[in-house]
Amino acid sequence: MAGAASGLIRMFPTSAIQVLTKTSEQVEILDPPRYSAGAVVLLAGAIMLWFGLRSRGNGEAHWPYFVLGVPAVLLGLILFTGRDSISLSRITGTLTIQRSYVGVTFNPVSIPLSNVRNAVVESNGSDQHKIVLVLRSGNSVSIGKFSGQAGHYAAASAINDFLEVVDSTP
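What counts, and at which threshold
Residues numbered from 1 in each chain as written. Predicted model: local features only at pLDDT ≥ 70, side-chain atom pairs only at ≥ 80, totals over all residues. Heavy atoms only, no water. Core = buried A, V, L, I, M, F, W, Y, C linked by side-chain atoms within 4.5 Å. Buried < 20%, exposed > 50% of the residue type's maximum accessible area, 1.4 Å probe, protein only. Helix = DSSP H or I, 4+ residues; strand = E, 2+ residues; numbered from the N terminus. Contact = heavy atoms within 4.5 Å. Salt bridge = Lys/Arg side-chain N within 4 Å of Asp/Glu carboxyl O.

Undergrad: Now, about the nonpolar core: what can you tell me, with residues and values included?
TA: Ranked by internal contacts, the top residues of the largest apolar core, which has 21 residues, are Ile29, Ile86, Leu88, Leu95, Leu133, Ile143 and Ile159. In terms of residue count, helix 4 (residues 152–162) provides more of this core than any other element does, five residues in total. Non-local contacts of Leu88, meaning those with residues more than four positions away in its chain, are made with Glu25, Gln26, Val27, Thr94, Leu95, Leu113, Ile159, Phe162 and Leu163.

Undergrad: Give a description of the pattern of salt bridges that names residues and reports values.
TA: Taken as a whole and judged by the stated rule, the model has three salt bridges. A salt bridge links Lys22 to Asp161; its shortest N-O distance comes to 2.9 Å. Of this pair, Lys22 sits in strand 1 (residues 18–22) while Asp161 sits in helix 4; the two residues are 139 residues apart in sequence, bridging distant segments of the chain. Judged by its relative accessible area of 42%, Asp161 is partly exposed. Where Arg99 meets Asp84, a salt bridge forms, and the shortest distance between an N and an O atom there is 3.5 Å. Residue Arg99 is found in strand 4 (residues 94–101), and its partner Asp84 is found in strand 3 (residues 83–89); the two are separated by 15 residues along the sequence.

Pasting the structure below:
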């Protein structure tokens, strides 16, 4: 059984945060979808919908399954397609954070590079981390949510290297 589960996990691309491009002019970071979690929730929702849409002997549908299945399918789609991309560009002089779900980008945020002091990795006390931008004003901007994904430190390091940060302590 363990082999089947690991085979399912290997079927999807990695969910680790990745530094896609790192040059002197540009850095691109991808926080990819949670493929495995999305697939499990999507499958569970589809099964509930199937049970919900099957009619009983009297022609009535199983509404509790249907009512639970629709939100599960939607959550599965969000997990399976949700992604954050972070771009730093010397040409535009901005750091841009874009979050998209099901191919639609929501509320992109652009911050002038001159306003960003550094990037740090914050921990919630367990094995979950998130990247936080520390601004020159003293405010901070979270990039993503706490997660157990790999790649937080490499992404923060790429941001700090691009910003030419000598010491990344806040």
